[in-house]
Amino acid sequence: MLQVLRTLSRIQLKSRYGAVRHSSSLKDYVAVNEPILSYAPGSQERQDLEASLQKYLGVVAEVPIVIGDEEIHTKDVHYQVMPFDHQCKLAKFSYANKELIDKAIRVSLDAQAEWQRRPLEERCAVYLKAADLLSSQSRMDIVATTMLGQGKTIVQAEVDAAAELIDFYRFDVQFALDHNNYKPISTDSVTNHFKLRGMEGFWAAISPFNFTAIGGHLSAAPTIVGNVSVWKPSDTAMLASYKVYQLLRAAGLPAGVINFVPADGPTFGDVVTKSPDLAGVNFTGSVATFRKLWKLVADNLDNYKTFPRLVGECGGKKLSFCSQLSRH
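These numbers come from a predicted model, not from an experiment.

**Q** Is there a simple way to explain the environment of Glu-122 in this structure?
**A** Mapping Glu-122 onto the fold places it in helix α4 (residues 120-135). On a C-alpha basis, the gap between Glu-122 and Leu-26 in space is 9.8 Å, while along the polypeptide they are 96 residues apart.

Now the structure itself:
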């Protein structure tokens, strides 16, 4: 894997939208924000996006459960439809049952030992490669599937599925490297060392329907520092989420580090919170669901090998209309 880092530092990843470069070392890596493309009429990116949209229109994509290197389909079949045309099916997927969710947990734990032994720089190289791929050859597919699956405009999908997710990966790398550079105080007689390592167990990532970038981030962020995760994507963001998962695997993420597990929400929550190996929950969604997960974790505290961390982002205020009539 050291070769991955060396190669990444030398290559210039060409695309129609520019070139991506990295310095010869990650020691002083500084992330920069991804430029947002204009998609002006007649521009190259506009033409490429229109071609990607046509590729997914009229086709029902097959989205598997992925555990390790195994692609699985069950009889519990569901469809993602376009939110602006419910008669148009975008993706076909199936729910993992309790046994498959348990299997995903075991496979993730098996993958963790080798993954966290890799130097931090090698793990970071995977995510910088993923950001570069998303900045170039994978950009239009993920923007297009976000538009069709989540009903976003060109600008909304570009900001979310491309620019923000690229920024997540690059800035996560910078923050991890910065954290790893911390040097504890030593004395003449005592030398102290600091080392980042993964937690003991797996992370459950439960992502929302409205942001492709959040799904790709909740599942990935813990893994940069040596953790593993089991990702339950939203039913209504399924295809774009799967495209992100494929992107990560194409960038060199080993099988099992992130397992892609579509599932019924209550079933998934019940299985992961009952596992003694739960290390954390990364969640974005409703207040009610997060409260339910928190209660499930509390109910199982005596069963855990460690103390699970819970990280939740919940819904904000609802849209309100104000007028002169509101005073009466």
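More follows now that the structure is in view.
**Q** Whenever I open this one, the side chain of Asp-160 confuses me. Can you help?
**A** Along the chain, the position of Asp-160 falls in helix α6 (residues 154-180). Among the polar contacts listed, one links the side chain of Asp-160 to the side chain of Lys-152, at a separation of 2.9 Å. Among the polar contacts listed, one links the side chain of Asp-160 to the backbone nitrogen of Thr-212, at a separation of 3.1 Å.

**Q** Sorry if this is basic, but what is going on with a nonpolar patch on the surface here?
**A** On the surface, Ile-36, Val-155 and Val-159 cluster together into a nonpolar patch covering about 260 Å² of accessible area. Within the secondary structure, Val-155 sits in helix α6. A residue is classified by how much of its surface remains accessible, and Val-155, at 56% relative accessible area, is exposed.

**Q** Please clarify how unusual backbone geometry should be interpreted in this entry.
**A** When glycine is set aside, most residues are seen to have a negative phi, and most peptide bonds are trans. Backbone geometry at Tyr-39 places phi at a positive 55°, although glycine is not the residue there. Secondary-structure assignment places Tyr-39 in the loop between β2 (18-20) and α2 (44-56).

**Q** Help me understand helix α9 (residues 265-274) in this model?
**A** Along an α-helix, residues three or four positions apart point the same way, because every turn accommodates 3.6 residues. Those residues of α9 not exposed but buried are Phe-268, Gly-269, Val-271, Val-272 and Thr-273. On the buried face of α9, the contacting elements are α3 (98-117), β8 (202-206), β9 (229-232), β11 (278-285) and α10 (287-299).

**Q** It is not clear to me how the pairing of β11 should be interpreted in this structure. Could you clarify?
**A** Successive side chains on a regular strand alternate, one facing one side of the sheet and the next facing the other. For β11, the tally of buried residues reaches seven of eight residues, placing the bulk of the element in the interior. Sheet topology note: the β8/β11 ladder contains five bridges and is parallel. Directly across from Ile-206, in β11, lies its bridge partner Phe-283. Both β11 and strand β12 (residues 309-314) contribute to a ladder of six bridges, which runs parallel. When the bridges of β12 are listed, Gly-285 appears paired with Cys-314. Remark: the β11/α10/β12 crossover connection has right-handed handedness.

Conventions we followed
Residues numbered from 1 in each chain as written. Predicted model: local features only at pLDDT ≥ 70, side-chain atom pairs only at ≥ 80, totals over all residues. Heavy atoms only, no water. Helix = DSSP H or I, 4+ residues; strand = E, 2+ residues; numbered from the N terminus. Polar contact = N/O pair within 3.5 Å; in protein donor to acceptor, adjacent residues only side chain to side chain. Patch = residues over 30% accessible without salt bridge, like charges linked within 9 Å, V, L, I, M, F, W, Y side chains within 5 Å. Areas by Shrake-Rupley, 256 points an atom, 1.4 Å probe, with all protein chains shown as cover. Salt bridge = Lys/Arg side-chain N within 4 Å of Asp/Glu carboxyl O. Buried < 20%, exposed > 50% of the residue type's maximum accessible area, 1.4 Å probe, protein only. Contact = heavy atoms within 4.5 Å. Pairing = 2+ DSSP bridges. Right-handed = clockwise from strand over helix to strand, strands pointing away.

Remember that the coordinates give geometry; whether it matters functionally is a separate question.
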